[in-house]
2 protein chains.
Amino acid sequence: MSHLEETDTENDSEAGNSLSGDTLKILVATDIHLGYKEKDAIRGEDTFVTFEEILQQATKNEVDFILLGGDLFHESKPSPYCIQRCLELLRKYCLSDKPVSIEFLSDQSRNFLSQRVPIVNYEDPNLNIGIPVFSIHGNHDDPTGHKQTSVLDVLASTGLINYFGLWNDLSNVEIRPILLQKGKTKLALYGLSHIKDERLGRLFREKKVHLKKPDGNDWFNMLVLHQNRAARGVKNFIPDSAIPDFMDLVIWGHEHDCKIVPEVTENRVQISQPGSSVATSLASGESLSKNIGLLKVCKQEFVMIPLPLKTVRPFLIDELILENPLSNSYHSEKPSEQAVNQVKEKISQMIEEAKSKYTGPNQAPLPLLRLKVFYYSEQQQFNAVRIGMHFGGRVANPDDIIKLNSFTAKERKKNCNLNLD
Amino acid sequence: MSHLEETDTENDSEAGNSLSGDTLKILVATDIHLGYKEKDAIRGEDTFVTFEEILQQATKNEVDFILLGGDLFHESKPSPYCIQRCLELLRKYCLSDKPVSIEFLSDQSRNFLSQRVPIVNYEDPNLNIGIPVFSIHGNHDDPTGHKQTSVLDVLASTGLINYFGLWNDLSNVEIRPILLQKGKTKLALYGLSHIKDERLGRLFREKKVHLKKPDGNDWFNMLVLHQNRAARGVKNFIPDSAIPDFMDLVIWGHEHDCKIVPEVTENRVQISQPGSSVATSLASGESLSKNIGLLKVCKQEFVMIPLPLKTVRPFLIDELILENPLSNSYHSEKPSEQAVNQVKEKISQMIEEAKSKYTGPNQAPLPLLRLKVFYYSEQQQFNAVRIGMHFGGRVANPDDIIKLNSFTAKERKKNCNLNLD
Ligand SMILES: [Mn+2]
Ligand SMILES: [Mn+2]
Ligand SMILES: [Mn+2]
Ligand SMILES: [Mn+2]
């Protein structure tokens, strides 16, 4: 990869030199979940703001294209407002006079199965595409309703994105890659839109997933998919080991934790998991810093540069174990009141801590907080929503900051987790 | 109007002559109702097929723009399939190298109120617009849901249409026209998207509808609106007389009967009611022949040429009064069976009659039929749906051909209608 790092620092500024002319620059992102909480008075615009940041990064880095790994939308039937915002942003950033210097080599009617006019958008003479977007669908924006149409089909029919990776025959999967060339770099991009995990897992085990390699050994083979990767149940995920070893890089969508720096599997495949660009749950994985990736591919080498997202709200997750009323040191006569005071103090600390995560004026200022509070006795319980509301105006999610559980439940869960490991 | 007819026959073929250079050619259509019955196995594609015919007529006639009078969509939240089909067709016909030779003179931020980037589509350097579309919304595609967004906003955000005529202040209506110029012809296009009829009627009566005339007397003033025109209730419609007399032409959407040849009101305003391009009910008004209009405007003269739609299914409506079992001539012992035979024969005749309305290979072959059957005695009743099903494969709507009513009800209704006149 030293080769690429060189181009990055030394040569990228010189336009037209042979190295940058051979380097594919791809902006990689997944799970943008447009429209998530769009009706929320505080968080309503979050997904659109961050999508705009992603498109700005693509522009700034002059990428050859954007690759999205599914769940661009939070709902398969988004509101008209949500679709409108998405189209507006795509139109604003993806149309321009910037020339597109990637050559499309494969059969477009096979790559863009769901489109009645299967043509890659930047070859349409009526559209001035500056940055092509390629996207698979996820489980949130999969085909739905009459004639099983995805909202990505809606976008694709305008020519603002290229929707690929659709596959409907669940007895046998055949993936014909999009073949792209820039200078001496040849990319085979295998897309597989979301399929029910259990079904796809079985197809992998039964060797019924066929990735059709193009002729020649000089291709950079990259797979993008949108599936469970973490073991959530015995057969309900795709193990890393299922990925065929000729794959040079995998972009794994669906998992919201950012693990964008590629991990190497036992069969030596590199897997990058960009993670979501918005927290759609208050789970710990979502509190990791959010990044998208600038992927540079030169011939068969690559480097993935994480780009931290600056518009994303800080999200802090923490826990508080209340004092045990049975312990010797306990000396409150009003256990509930004592608990409330402890909780309020903790939340105030978290709000302070969130300030240290401030990335600048583009960031939404109010943080997301999740405090898990564990009590020993029923007397320590309190109205969690009311206490949360006390922090209205200082926190983005006052109505669900606190999660109240008994300490016994925590211990049980811990043991259970240990068993699973 | 003789002037225009001349240009039509003699000069239109000579490109660039002064007369055709001054003549605005506008394709006018309303109430296309995309997605109506889209799940129906027989009629599902009807609205899309006819929309394509309309766009083909626009192309063939090399119009300067298309003007739509609302209800482009049947539902305010159309299925992804429906939006996709619409976008595909707009992209196919409205993008091209054909130059647009109309100049936009008014303030776009005032004309395109609902768009964050208010720009007429053909001035966007990134889109190759050949035929601009201008549309108001109707009551079927009005703003809805989160942030009150119309599906027309979705289309407009792609740049495939120009959505105008939105007005939200219901205490006072102010219409600032789109000002367009082609050669010596200056068009002031006043758009008013659908407003609740009762409310708008009151605003007209209270002189709170202000149409802002541009400076100068050389404008052709044209209003497009989408309201009840027929008296459906005391205050539930806009009377023709409400239209200010400086208006040269009104395009009236919402009413589905085709009355496209302009009618002159008592205050000498000409009103053209194009009617729907698909029958959304089996009422007699929908059985009139369906047309769109080719409107030619030269300076302050105009001509509206009806263009019959050839893809629309034939729709025949008729009635059958069964024989009265009490009459002397009646001699059946099985009144229900006798009725069924009479009805079947009548429907067979209608099917034959429909064949004479065949316009050519682009027309959907199976006709829509509505037969109103009136009986005298309960004994004459039969299962209307089952008889309809007998014509499956020969009729587009076998499940609702027949409407069964007692003859007494018919007489009552007739008297009632007379009273209303
Ligand atoms: Mn997701
Ligand atoms: Mn997902
Ligand atoms: Mn209508
Ligand atoms: Mn209407």
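Since this is a predicted model, take the numbers as computed values, not measurements.

Reading guide: rules and limits
- Numbering of residues starts from 1 in every chain and runs along the sequence as written.
- Each chain takes a letter, starting from A, and each ligand takes a number, starting from 1, following the order in which they are written.
- Local features in a predicted model are, by the rule used here, given only for residues with pLDDT of at least 70; side-chain atom pairs are given and counted only at 80 or more, and totals for whole chains, interfaces and linings are based on all residues.
- Side-chain descriptors were evaluated using all non-hydrogen atoms of the structure, hydrogens and water having been removed beforehand.
- The classification of residues rests on relative accessible area computed with a 1.4 Å probe and restricted to protein chains. Under 20% of the type maximum is buried, over 50% is exposed, and intermediate values are partly exposed.
- Helix numbers and strand numbers start at the N terminus; a helix is a DSSP run of H or I with at least 4 residues, a strand a run of E with at least 2.
- As used here, the arc is the angular range of directions from the helix axis to the C-beta atoms.
- Any two residues whose heavy atoms approach within 4.5 Å are treated as being in contact.
- Copy-to-copy alignment: least squares on C-alpha atoms, limited to residues at pLDDT 70 or above in both.
- Any two strands between which DSSP finds at least two bridges are classified as paired.
- Here an axis means a line fitted to C-alpha atoms, over the contact stretch when the element is a helix, while the angle between two N-to-C directions is reported on a 0 to 180 degree scale.
- Metal donors were taken as nitrogen, oxygen and sulfur atoms no farther than 2.8 Å from the ion, or 3.2 Å where the ion is Na, K or Ca. Water is excluded, so coordination may look unfinished.
- Cavities and pockets are defined on a 1 Å grid built over the protein atoms alone: a cavity is a set of grid points where a 1.4 Å probe fits but cannot escape, while a pocket is an open set with protein on both sides within 12 Å along at least five of seven lines, and lining residues are those with an atom within 4 Å of any such point.
- Grid points are joined across faces, edges and corners, and a volume is the space filled by probe spheres set on the points.
- Put simply, Ala, Val, Leu, Ile, Met, Phe, Trp, Tyr, Cys and Pro go in the nonpolar bin, Asp, Glu, Lys and Arg in the charged bin, and everything else, Gly too, in the polar bin.
- Roughly parallel here means an angle under 35 degrees, roughly antiparallel means over 145, roughly perpendicular means 65 to 115, and every remaining angle is called oblique.
- Two N or O atoms count as a polar contact when they lie within 3.5 Å, although within protein this holds only if one can serve as hydrogen donor and the other as acceptor, and sequence-adjacent residues are included solely when both atoms are side-chain atoms.

Enquirer: Help me understand helix 7 (residues 197–205) of chain B in this model?
Expert: One turn of an α-helix holds 3.6 residues; hence residues three or four places apart share an orientation. Residues and elements named next belong to chain B. Residues of helix 7 that are buried include every one of Asp197, Leu200, Gly201, Leu203 and Phe204, and no others. One side of helix 7 holds all its buried residues, which, seen down the axis, span an arc of 160°. In this structure, the buried side of helix 7 is in contact with strand 6 (173–175), strand 8 (185–192) and strand 9 (209–211). Two residues or fewer past helix 7, Lys207 is found with a positive phi of approximately 55°.

Enquirer: I would appreciate a short explanation of the relation of the copies chain B and chain A in the present structure.
Expert: Each copy of the chain is related to the other by a rotation around an axis and a translation along that axis. The two copies are related by a screw motion: chain B maps onto chain A through a turn of 180° and a shift of 0.0 Å along the axis, at an RMSD of 0.0 Å. These values place the two chain copies in the arrangement generated by a two-fold rotation axis. Of the C-alpha atoms belonging to chain B, the one lying closest to the rotation axis is found on Leu127 of chain B, 2.6 Å away. Of the interface residues in chain B, 100% have counterparts in chain A that sit at the interface too, so the contact is made through matching surfaces.

Enquirer: Just to check I follow, could you spell out unusual backbone geometry for this structure?
Expert: Negative phi characterises most residues that are not glycine, and trans characterises most peptide bonds. With a phi close to 55°, Asp71 of chain A is a non-glycine residue in the positive phi region. Looking at the element boundaries, Asp71 of chain A is found in the loop between strand 2 (65–68) and helix 4 (80–94). On the accessibility criterion, Asp71 of chain A (1% relative accessible area) is buried. Unusually for a residue other than glycine, Arg268 of chain B sits at a positive phi of about 60°. Mapping Arg268 of chain B onto the fold places it in the loop between strand 12 (259–264) and strand 13 (270–273). Residue classification places Arg268 of chain B among the exposed positions, given a relative accessible area of 70%.

Enquirer: Please explain the sheet that holds strand 4 (residues 133–135) of chain B as it appears in this structure.
Expert: Hydrogen bonds between backbone groups are what pair the strands of a sheet, and the pairing can be parallel or antiparallel. Residues and elements named next belong to chain B. Pairing within the open sheet is mixed, and its six strands lie in the order 5-4-2-1-14-15. One side of each edge strand has no neighbouring strand; the edge strands of this open sheet are strand 5 (162–163) and strand 15 (301–308). Pairing analysis gives six bridges linking strand 1 (residues 23–29) to strand 14 (residues 291–298), with the strands arranged antiparallel. Counterpart to Ile26 in the pairing with strand 14 is Leu295. Each of strand 1, strand 2 (65–68), strand 14 and strand 15 is contacted by helix 3 (residues 46–60), which is oriented at about 175° to strand 1, the strand it contacts most.

Enquirer: So what exactly am I meant to see when it comes to the coordination of the manganese ion (ligand 4) here?
Expert: All names here are of chain B. Distances from the manganese ion (ligand 4) to its protein donors, Asp71 (OD), Asn139 (OD1), His226 (NE2) and His254 (ND1), fall within 2.1 to 2.2 Å. For the manganese ion (ligand 4), the single-chain donor residues occur in sequence as D-x67-N-x86-H-x27-H. The distance between the manganese ion (ligand 4) and the manganese ion (ligand 3) comes to 3.2 Å, with Asp71 serving as a donor to both metals. Taken together, the residues His226 in strand 10 (residues 219–226) and His254 in the loop between strand 11 (249–253) and strand 12 connect sequence positions 28 residues apart. In this structure, His226 and His254 share a single accessibility class: buried.

Enquirer: Explain the layout of surface pockets to me, please; I cannot follow it from the model alone.
Expert: Leftover empty space is mapped by rolling, across the atoms, a probe with the size of a water molecule. The volume enclosed by the largest pocket comes to roughly 600 Å³. Taken together, the residues of the lining of the largest pocket break down into four nonpolar, eleven polar and ten charged.

Enquirer: Any chance you could explain the packing of helix 6 (residues 151–158) of chain A against helix 4 (residues 80–94) of chain B here in plain terms?
Expert: For any two helices packed against each other, one specifies the crossing angle of their axes together with the interaxial distance. Their axes nearest at 8 Å, the elements helix 6 of chain A and helix 4 of chain B cross at an angle of 5°. The angle between helix 6 of chain A and helix 4 of chain B places the two elements in the roughly parallel class. On the side of helix 6 of chain A, the interface is formed by Asp153, Val154, Ala156, Ser157 and Thr158 of chain A, while helix 4 of chain B contributes Pro80, Ile83, Gln84, Leu87, Glu88 and Arg91 of chain B. Taken together, the residues of the contact of helix 6 of chain A with helix 4 of chain B sort by class into five nonpolar, three polar and three charged.

Enquirer: Please explain the coordination of the manganese ion (ligand 3) as it appears in this structure.
Expert: Around a metal, the idealised angle for a tetrahedral arrangement of four donor atoms is 109.5 degrees; for an octahedral arrangement of six donor atoms it is 90 or 180 degrees. Protein-derived ligands of the manganese ion (ligand 3) are Asp31 of chain B (OD), His33 of chain B (NE2), Asp71 of chain B (OD) and His256 of chain B (NE2), with the metal-ligand distances lying across 2.1 to 2.3 Å. For the manganese ion (ligand 3), the donor residues sit on a single chain with the sequence spacing D-x1-H-x37-D-x184-H.

Enquirer: Looking at this model, I keep getting lost on helix 6 (residues 151–158) of chain B. Mind explaining?
Expert: Residues and elements named next belong to chain B. The element helix 6 is extensively covered by neighbouring structure, given that eight of its eight residues are classed as buried. Taken residue by residue, helix 6 has Val151, Leu152, Asp153, Val154, Leu155, Ala156, Ser157 and Thr158 as its buried positions. Residue Ser150 occupies the N-cap position of helix 6, its side-chain oxygen lying 2.9 Å from the main-chain nitrogen of Leu152. Just downstream of helix 6 lies Gly159, where phi reads positive at about 85°.

Limitation: the analysis is restricted to geometry and does not speak to function.
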